[in-house]
Amino acid sequence: MQTDATKYERAEARAMPNALVVADDLTGAMDTGHGFAARGRGVRVRRSVADTADATAADGPVDADVLVVDTDSRDAGPSAAAAAVARAVETDPAELVYKKVDSTLRGNVVAEVDAALAATGAGLAVVAPAFPATGRTTEGGRHLVEGTPLAEAGYGVAESDLREYFAASEYPLAHVDTGTVEAGAATVAERLADRAESERPTLVVCDARTDDHLAAVAAGAASLTEPPLYVGSGGLAAHVDVSGEPTAPPEASPDPRRSGVLGVVGSVNERTLAQLAAVDDEAVVAIDPAAAVTDPEGAGRAAAESLAALLEWRGRAVVTAATGPGDVAAAERAAADLAEGATAADRVVAALATAARTAVDDAAPRGLVLTGGDTAGAVLDAVDAETLALTGESVAAGVPEGRIETGPAAGTRVVTKAGGFGTERVILNCLDALGR
C-alpha cells in the first residue's frame, strides 16, 4: 500500500504545483484559473484526471505554478464524480487546494466537496460560491442570481439556501453571515478559527454580496493555522493568495500561418441566443439541427466548407446549430427516432466539434471562441488539446483567454464562455479581441 510520504515524493518528482484547482467542467476550470492568472500566477489547465497517483499528468505537463484539473464530472453520477475529485487531489497534491463549483450550484457539488475535504485532510472547507461580477451573490445564507433566489432562476436547482443545499453533506455545517463578512477579515478569521477547532471537519458557508466580501473571506481563511479547503466559483478564486514563486508558462510566438477567428456556439441558453443574434448574419454558419442529429459527421464537414471560406474572406466565422428555440425543438424531434441512449444535445455537439476540427485542419484559425462547457470540451477533444495555458487576460468577467499547448492547434488562442451570462455583445467582443 502506498504511503502518504511516497505519494508526495512522486508528486515532488513531477514538480508539485503551488496550488491545485479541481473543476467539474471546462468553462469553470478556465474562469477559475483566470482568477489566479490575472494576478501573475502561471496557470495551466489539464483536461483530464490521471488514472492513478503513480501516473504522470495524463498526456499533459504538470510543471505548473497553479494546476487546474477538469474532472468533467458535472453530469456524472455522484459516486463517479466524488472518485474523480479524490483521484485529482491524490495525483497532484498541493498545499493549497481549491474546489471549483458552479456559481449556480449545478452538478454533484455536495459529493465533490465532501470528497475533496476527505482527500485533502483539511479541517475546514470555506464555501463561498458567489461571483458578484456575474450576478451571483449569497445573502442571509440564500444564493441569488441577479437578485432572484437560485431555485427560481431557471437553472434546475431546487434549493436556494446554502445551509439546506449542503444538508446532505456528511460533515457538519456552519454559516458566516453578512455582518461578519462586512466586519472584515479579522472577524471572519475569528469565526473560522472557532469552527476549525471542532472535532470533525466542518463546511462553513459564507455570505458575499460584493468582491470586497469575498476578499474578506479569502483573507480570513488565509490567516488560519492550517490551510482550509477553498470552495467557490471564479469569484472567490480572484482573492485567494498562493504561496511560492510564480512560474509563468513559456511565451508562445504567434504562428504566421494562422489567421482568422472561429466561434463555436453550442449553448442554447436564451442569453447566448441573444448574444449570437448580435453577430453579423453573414459571419454565421447555421447547421440544420435535424441534420446535425441524424448525421453529425456529415453535417459538421459540410459546415466546415463554409467556415473555411468565411475565415479566408471575412477573417471570422461562427458555427452553431441553434439560433432560436425552434431549432432546439427540431433537434429533439429528430432525436426521437434515434437508438435509446443517444441524445439530441450529444449529437449536435458532435457535429459542431467535427465542423471545428475540419476548419482547424483546412483554415488554421489563430483564435477559437467556444461557448458552452460541453461544446468547448468537445472541440478541444477534437483538436487533441489536452493542456492549455492561461494568459491572464479576459474579454469580460468569466470570459478568460488561454492558449492551446498540445495537439495540431498548439499556439491557438482560446476564449471560453459559459452559456448563462454576459452582455449581448460578449460573443462579438470575443471575436474582436482575438482578431486584433
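Below: a short report on this structure. Along each chain, residues carry numbers from 1 onward, in the same order as the chain's sequence is written. Reporting of local features is limited, given that this is a predicted model, to residues whose pLDDT is at least 70; pairs of side-chain atoms are given and counted only at 80 or more, and all residues count toward the totals for whole chains, interfaces and linings. Think of the side-chain values as coming from all heavy atoms in the structure, minus any hydrogens and water.

With that out of the way, let us pick up the packing of aromatic side chains. In this analysis, rings of Phe, Tyr and Trp, with Trp reduced to its six-membered ring, are considered paired at centre separations within 6.5 Å, and the interplanar angle assigns stacked below 30 degrees, edge-to-face beyond 60, and tilted for intermediate values. Applying the stated criterion to the full structure yields 2 aromatic pairs. On the numbers, 6.1 Å between centres and 90 degrees between planes, the contact of phenylalanine 36 with tyrosine 98 is edge-to-face. Separated by 62 residues along the polypeptide, phenylalanine 36 in helix 2 (residues 26–37) and tyrosine 98 in strand 4 (residues 96–100) bring together distant segments of the chain. The same class applies to phenylalanine 36 and to tyrosine 98, which are both buried. Here a strand is any run of E in DSSP of at least two residues, a helix any run of H or I of at least four, and the numbering for each starts at the N terminus. Partly exposed residues are those whose accessible area sits between 20% and 50% of the maximum for their type, while under 20% is buried and over 50% is exposed, using a 1.4 Å probe and protein chains only.

Looking now at the pairing of strand 17 (residues 399–404). Counted residue by residue, strand 17 has 6 buried out of 6 residues, so it is predominantly covered. Pairing between strand 16 (residues 387–396) and strand 17: 5 bridges, direction antiparallel. Residue pairing across strands places alanine 396 opposite valine 399, the latter belonging to strand 17. The pairing of strand 17 with strand 18 (residues 413–417) spans 3 bridges and is antiparallel. By the bridge assignment for strand 18, glycine 402 is matched with valine 414. DSSP bridges decide pairing: two strands pair if at least two such bridges lie between them.

Time to look at the nonpolar core. Core analysis: the biggest nonpolar cluster contains 74 residues, and Phe36, Tyr98, Leu192, Leu236, Leu262 and Ile404 have the highest contact counts within it. Ranked by residues supplied to this core, first place goes to helix 14 (residues 344–363) with 8 residues. Ignoring anything within four residues of it in the chain, the contact list for leucine 236 reads Tyr98, Val126, Ala128, Ala130, Leu214, Val217, Ala218, Tyr230 and Val231. Nine residue types can take part in a nonpolar core, namely buried Ala, Val, Leu, Ile, Met, Phe, Trp, Tyr and Cys, and a core is a set of them joined through side-chain atoms within 4.5 Å. Among the nonpolar cores identified, the runner-up in size contains 35 residues, and Leu67, Ala116, Val157 and Leu162 belong to it. Any two residues whose heavy atoms approach within 4.5 Å at even a single point are treated as in contact.

Counting through the fold element by element, alanine 196 comes out in helix 7 (residues 185–196). For the pair alanine 196 and glycine 123, spaced 73 residues apart in the sequence, the C-alpha separation amounts to 5.9 Å.

Let us look at the side chain of threonine 27. Along the chain, threonine 27 turns up in helix 2. For threonine 27, a relative accessible area of 5% translates into the label buried. Dropping the residues within four chain positions of it, threonine 27 is found in contact with Gly372, Gly373, Thr416, Lys417 and Ala418.

Turning to its location among the elements, arginine 316 is positioned in strand 14 (residues 316–320). Pairing of N or O atoms within 3.5 Å defines a polar contact, subject to two protein rules: one partner must be a possible hydrogen donor and the other a possible acceptor, and residues neighboring in sequence count only if both atoms are side-chain atoms. A distance of 2.5 Å separates the side chain of arginine 316 from the side chain of aspartate 432, its partner in a polar contact. Beyond its immediate chain neighbours, meaning those up to four positions away, arginine 316 contacts Val261, Ala283, Leu310, Leu311, Leu428, Leu431 and Asp432.

Attention now goes to the environment of valine 268. Residue placement: valine 268 occurs in the loop between strand 12 (261–265) and helix 10 (270–277). Among the residues examined, valine 268 registers a relative accessible area of 43% and is labelled partly exposed. Along the chain, valine 268 and glycine 420 lie 152 residues apart, while their C-alpha atoms are 9.2 Å from each other.

With antiparallel pairing, the 3 strands of this open sheet are ordered in space as 6-7-8. Here the strands that pair on one side only, and so sit at the sheet edges, are strand 6 (136–139) and strand 8 (148–149). As defined by bridge partners, strand 6 adjoins strand 7 (residues 142–145) across 4 bridges and the pair is classed as antiparallel. Across the sheet, threonine 138 pairs through a bridge with histidine 143, a residue of strand 7.

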